[in-house]
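Listed below are the residues making up each chain.
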Amino acid sequence: MNLQSINRCDQRAREILQKNDRGNYTVPTDGLYPFQWNWDSALVALGFCAFDPDRAWREIETLLSAQWDNGMVPHIIFWKDDEGYFPGPAEWGTGTSPKTSGITQPPLAATIVRELLDRSKEDFHSRAVPIVEALNRWHQWFSDARDPDGRGLVAIIHPWESGRDNLPDWDAPLCHVDTSGVGTYSRRDTQHVHEDERPKKLDYDRYMALVQFGRENGWDPEIIARDNPFWVADAGMNAILRRAEHDLVDLAQTLGLSRIATQARARAQRLDAGFEALWSEQLGGYVSLDLRHNEKARTLTAGTFLAFYASNTPDRHARRMLDTFHLWSKKVRYGVPSFDPTSELFDSIRYWRGPVWAIINWMIANGLERNGHAELAVRIHKDTQSLICNEGFYEYFCPLTGRGMGGDAFSWTAAAWLAWASPNAGHSGRSAADRNQVPGA
Ligand code: GLC
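No experiment lies behind these values; they were computed from the predicted model shown. (Residues numbered from 1 in each chain as written. Predicted model: local features only at pLDDT ≥ 70, side-chain atom pairs only at ≥ 80, totals over all residues. Heavy atoms only, no water.)

## A word on the overall build of the protein chain
In step 1: Helix and strand counts for the protein chain come out as 18 helices and 9 strands.
In step 2: Expressed as lengths along the three principal axes of its C-alpha atoms, the size of the protein chain is roughly 55 × 50 × 45 Å.
In step 3: For the protein chain, the proportion of contacts with a sequence separation of at least 24, taken over those separated by at least 6, is 70%.
In step 4: Surface summary for the protein chain: the accessible area is close to 16600 Å², and the carbon and sulfur share equals 45%.
In step 5: In the protein chain, 48 side chains carry a positive charge and 58 a negative one; their mean positions are 3 Å apart. (Helix = DSSP H or I, 4+ residues; strand = E, 2+ residues; numbered from the N terminus. Contact = heavy atoms within 4.5 Å. Areas by Shrake-Rupley, 256 points an atom, 1.4 Å probe, with all protein chains shown as cover. Lys, Arg positive; Asp, Glu negative; His and termini not counted. Charge placed at Lys NZ, Arg CZ, Asp CG, Glu CD.)

## As for the nonpolar core
In step 1: Of all hydrophobic cores here, the largest spans 147 residues; its most connected members are Leu 108, Ile 112 and Met 363.
In step 2: Looking at this core, the element that brings in the most residues is helix α11 (residues 235-254), giving 10 residues.
In step 3: Residues within four places of Ile 112 in sequence aside, it is in contact with Ala 42, Leu 43, Ala 45, Leu 46, Ile 60 and Trp 362. (Core = buried A, V, L, I, M, F, W, Y, C linked by side-chain atoms within 4.5 Å. Buried < 20%, exposed > 50% of the residue type's maximum accessible area, 1.4 Å probe, protein only.)

## A look at unusual backbone geometry
In step 1: At the junction of Phe 86 and Pro 87, the peptide bond is cis and its omega measures out at -5° in the coordinates.
In step 2: Along the chain, Pro 87 turns up in the loop between β2 (76-77) and α4 (89-92).
In step 3: Backbone torsion omega between Ser 97 and Pro 98 reads 0°, so that peptide bond is classified as cis.
In step 4: With respect to the helices and strands, the residue Pro 98 is situated in the loop between α4 and α5 (109-119).
In step 5: Positioned with a positive phi, Asn 294 is a non-glycine residue whose angle comes to about 50°.
In step 6: By the secondary structure assignment, Asn 294 is in the loop between β6 (289-290) and β7 (295-296).
In step 7: With a phi angle near 55°, Tyr 351 is a residue other than glycine that sits in the positive phi range.
In step 8: Residue position: Tyr 351 is located in the loop between α14 (315-331) and α15 (358-370).

## Things to note about the sheet that holds β6
In step 1: In spatial order, the strands read β3-β6-β7; together these 3 strands make up an open sheet with antiparallel pairing. Of all the strands in the sheet, the pair left with one neighbour each is β3 (232-233) and β7.
In step 2: Alignment of β3 against β6, held across 2 bridges, turns out to be antiparallel. Paired with Val 232 across the two strands is Asp 290, which belongs to β6. (Pairing = 2+ DSSP bridges.)

## Details of the site of the ligand
In step 1: Every residue lining the ligand is accounted for by Pro 28, Tyr 33, Trp 37, Trp 39, Asp 40, Gln 105, Gly 163, Asp 165, Tyr 351, Trp 352, Phe 410 and Trp 412.
In step 2: A distance of 3.1 Å separates an oxygen atom of the ligand from a polar side-chain atom of Trp 39.
In step 3: Measuring from an oxygen atom of the ligand, one finds a side-chain N or O atom of Asp 40 at 2.6 Å.
In step 4: Protein contacts shield 96% of the accessible area of the ligand, which totals 310 Å² for the unbound molecule.
In step 5: Split into classes, the residues belonging to the shell around the ligand amount to 8 nonpolar, 2 polar and 2 charged. (Near = heavy atom within 4 Å. Polar contact = N/O pair within 3.5 Å; in protein donor to acceptor, adjacent residues only side chain to side chain. Nonpolar A, V, L, I, M, F, W, Y, C, P; charged D, E, K, R; others polar.)

## So, α5
In step 1: Within α5, 9 of the 11 residues are buried, leaving the element largely enclosed by the surrounding structure.
In step 2: Three or more residues of α5 are buried, namely Ala 109, Ala 110, Thr 111, Ile 112, Val 113, Glu 115, Leu 116, Leu 117 and Arg 119.

## Observations concerning the environment of Pro 314
In step 1: Here Pro 314 shows up in the loop between α13 (306-310) and α14.
In step 2: For Pro 314, a relative accessible area of 36% puts it in the partly exposed group.
In step 3: Separated by 38 residues in sequence, Pro 314 and Glu 276 have C-alpha atoms that sit 9.4 Å apart.

## Points about the state of the cysteines
In step 1: Tallied over the full model, the rule gives 0 disulfides.
In step 2: Free of any disulfide, Cys 398 has its nearest neighbouring cysteine sulfur in Cys 389, separated by 18 Å. (Disulfide = S-S within 2.5 Å.)

## Notes on the packing of α5 against helix α6 (residues 125-146)
Relative placement of two packed helices is described by the angle separating their axes and the distance separating the axes.
In step 1: One can describe the packing of α5 onto α6 by two numbers: an axis separation of 10 Å at closest approach and a directional angle of 165°. Relative to α6, the element α5 is oriented roughly antiparallel. Remark: the crossing between α5 and α6 carries left-handed chirality. Only His 125, Ala 128, Ile 131, Leu 135, Trp 138 and His 139 of α6 make contact with α5, whose side of the interface consists of Ala 109, Ala 110, Val 113 and Leu 117.
In step 2: In the contact of α5 with α6, the residues fall into 8 nonpolar, 2 polar and no charged. (Axes fitted to C-alpha atoms, helices over the stretch in contact; angles between N-to-C directions. Parallel < 35°, antiparallel > 145°, perpendicular 65-115°, else oblique. Left-handed = near helix turned anticlockwise from the far one by under 90°.)

Here is the structure:
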């Protein structure tokens, strides 16, 4: 990659964020996703941090301003009406102001806020305090509403909460969702993107049945915990929350918020211990677990590597996951595929059933570095650079050919570039000593 193409990519990435900026929040991409999405916004904030730190903090503040009274931070915030999107506020029926969906998404925000604080030259400490308080309420909500038995594993109530919407992991738990009452509806996603790349009709019916269940029960956490037909511990969600809790401990300590530090530490310890229940000896990785039916997923996803991102991993488990990583690398040209490329269910162009996503690559590389596997992190870093430089800022990429797919001019791909993949990017949470070892930092 020469200097000219790097600078061109840097500039294009900034333009994408600016074009998708709606003032106080950023849409993932024009058209397909016209509102604020939770974990997209977190990464977007890190992207903005590279050239407009104030705007970065505002992205997080806007996201948290939609926090529910019970602490949940919703997965979509419908700041403006848009007829072109389905399911919209009427289908979710949450009755909140601003209008939001009724579910959450992976809590990347605490980790990002910690990065923002590290990376910003200005002093944002006083601005960080109310943010950290809101994050603590969100994390506590996860513990209360999604782990009512205190086993150290939080459940998701809809595949969309995982952020990895159509993973094969959801196929078995979704079989228990009755779709007889769903009726007819008109999807909008397939008007923007070819249907071969999107979830299938049966999956979509089940997604809608779960939205209906939540709406009809007023999104009541107790009813949902007891009766929601989908109640699954996702390895990705749990790994991201674990990491977020550890980062919240650090943030709270830095800001002198000792009560929050104590609460977050207790939750982090519980999650660290609970996570081991997701280990599959047979597959040699962490998998999702259907908590209602006590069944583990039978295949591995890229979520297993998020165990490195979460925190420390027992050595024996780390070794087996690294073997898997090497095996997968032989099967694809670009890593990291979102799903096991040795499985017959692997589909290189269908969304979360194979394609590479920059956000996941950033997290996996960050985790591998923290666990002493810098050379693998560099490989992921290079692959991400090539994908973006060759194809552009697509939503996701084919791991076999590198073709960019889904939405174009995508905010979180631009943010991942600015925050990490670009050779001009800031560091990704590693120490100065580590940083010197990693080309492109
Ligand atoms: C899709 C992705 C989800 C993302 C959203 C907006 O639904 O699966 O993770 O947040 O698009 O980009």
